[in-house]
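Structural characterization, general
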Amino acid sequence: MPQDAPHPAWVLIVGRPAKDWPALQAALEPQARLVDALPVDVLPALVMIDATQHPERLVGRLEVLRAEPSCRGAPVIALAAQAPDPPVEDWLALGVADVLQPPWTETRLRSRLRPHLQLHQLAALLREGHRHFEAALQQRSQAVAHERDALLWTLALLAERRDHETARHLLRMQGYVRVLGRGWRRVTGRAAELDDERLELMVRATPLHDIGKLEVPAHLLRKPGRLTPEEFAIVKTHTLRGHAALASAQAQLEEPCPLLTMAQEIALTHQERWDGTGYPRGLAGEAIPLAGRIVALATVYDALISVRSYKEALPHDTAVAVVCGCRGTHFDPQLVEAFEQDHEAIRAVAARHADDAEEMHRLIDAALRSAPAMVPPDGVAA
């Protein structure tokens, strides 16, 4: 029995009068405390059942203990009378850990109970160590996740800056995706397909939706007028390029990274349309992954309310009307329903992470000075 135990173990006494406890308590101090009732949320180190006067009650008392969750794992010590032939074998067969007979001297009690109390103390130390390990592991995991997200955000910002976007655009996109994902669950009743963990994975992966623009010539991304068919064909490759880059990163890892898997899916499919007229694969309906459908709507809404080189920002209500007008053509009808129901939450996200107007106009003016005036591009979004 360790002499430096930080806390005394609780020993539950069943059926023995309190007047008989002093000798037992003296033998167990300071490592154990005798009680006839346990405090809330306390697990006993030992249970001692007095079977000296009424050994026939032992079976009933064992059944009561086994029905009590807090006592199921505690070893049971039976106190037997000084009899010529106590039923030790029978009691051990019932699950009793040990049987003690008089005389209960301090030395004898310490010797017989020490192993049980030591095991209890060791188990407590292991639980405490496990808690510390789990806390340290969680802290390290959070640090690694933070470092990984910081690197991914750096890449995402590099791609967005080539298209005159800002970090606030990415924050808005994440907010839209979270609102739309929750709304889609409510509208469809298909929450199992998009639980909280998967939705947050989608939110974290969203900033990488345009990562493929890193491989598209900047002058095409910043061109203030309509792209030629040849130029537009190059810009459209950003979906395939982004998917390929993320797949290459994934291939370097020993184990699949769910965040990169989700980012690949979004990068490849966020320009697909519900009616099959999108790119790069012309997918239609639910053949388009849900993440791609959600990010597609978020992308268009944000383009509508943002300043571009060929237009001013549209008011929120006008943007809502445009998105709703694309129900069943550009966008998933149920997703549009969720957008329509939650458009005020979408508006709040846009307001919370709004672009600085002067900064955006400076970026656009710089682009206009470096390129000839041209006809504005077609479509509701870049």
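See above for the structure.
Residues numbered from 1 in each chain as written. Predicted model: local features only at pLDDT ≥ 70, side-chain atom pairs only at ≥ 80, totals over all residues. Heavy atoms only, no water.

Let's shift gears to the sheet that holds strand E4 (residues 76-79). Spatially, five strands are ordered E2-E1-E3-E4-E5 in an open sheet, and the strand pairing comes out parallel. Both outer strands of the open sheet, strand E2 (32-35) and strand E5 (98-100), are each paired with one neighbouring strand and no more. Each strand of the sheet is rotated relative to its neighbour by a mean of 25 degrees, with strand direction disregarded. Summarising the sheet, strand E1 (residues 9-14) and E2 pair through four bridges and their orientation is parallel. By the bridge assignment for E2, Trp 10 is matched with Arg 33. Lying on the sheet, helix H1 (residues 21-28) is in contact with E1, E2 and strand E3 (46-50); it crosses E2 at an angle near 160 degrees. (Pairing = 2+ DSSP bridges. Helix = DSSP H or I, 4+ residues; strand = E, 2+ residues; numbered from the N terminus. Axes fitted to C-alpha atoms, helices over the stretch in contact; angles between N-to-C directions. Contact = heavy atoms within 4.5 Å.)

Here the focus is the side chain of His 330. Among the secondary structure elements, His 330 is positioned in the loop between helix H12 (316-325) and helix H13 (333-341). His 330 gets classed as buried once you look at its relative accessible area, which sits at 9%. (Buried < 20%, exposed > 50% of the residue type's maximum accessible area, 1.4 Å probe, protein only.)

Turning our eyes to something else, we now look at the packing of helix H5 (residues 167-188) against H13. In contact at an axis separation of 8 Å, H5 and H13 are set at 115 degrees when each is read in the N-to-C sense. Taken together, the axes of H5 and H13 lie roughly perpendicular to each other. Here H5 and H13 pass one another in a crossing that is right-handed. In this structure, H5 uses Leu 180, Gly 183, Trp 184, Arg 186, Val 187 and Thr 188 to contact H13, whose residues at the interface are Gln 334, Leu 335, Glu 337, Ala 338, Phe 339 and Gln 341. Split by residue class, the contact of H5 with H13 holds six nonpolar, four polar and two charged. (Parallel < 35°, antiparallel > 145°, perpendicular 65-115°, else oblique. Left-handed = near helix turned anticlockwise from the far one by under 90°. Nonpolar A, V, L, I, M, F, W, Y, C, P; charged D, E, K, R; others polar.)

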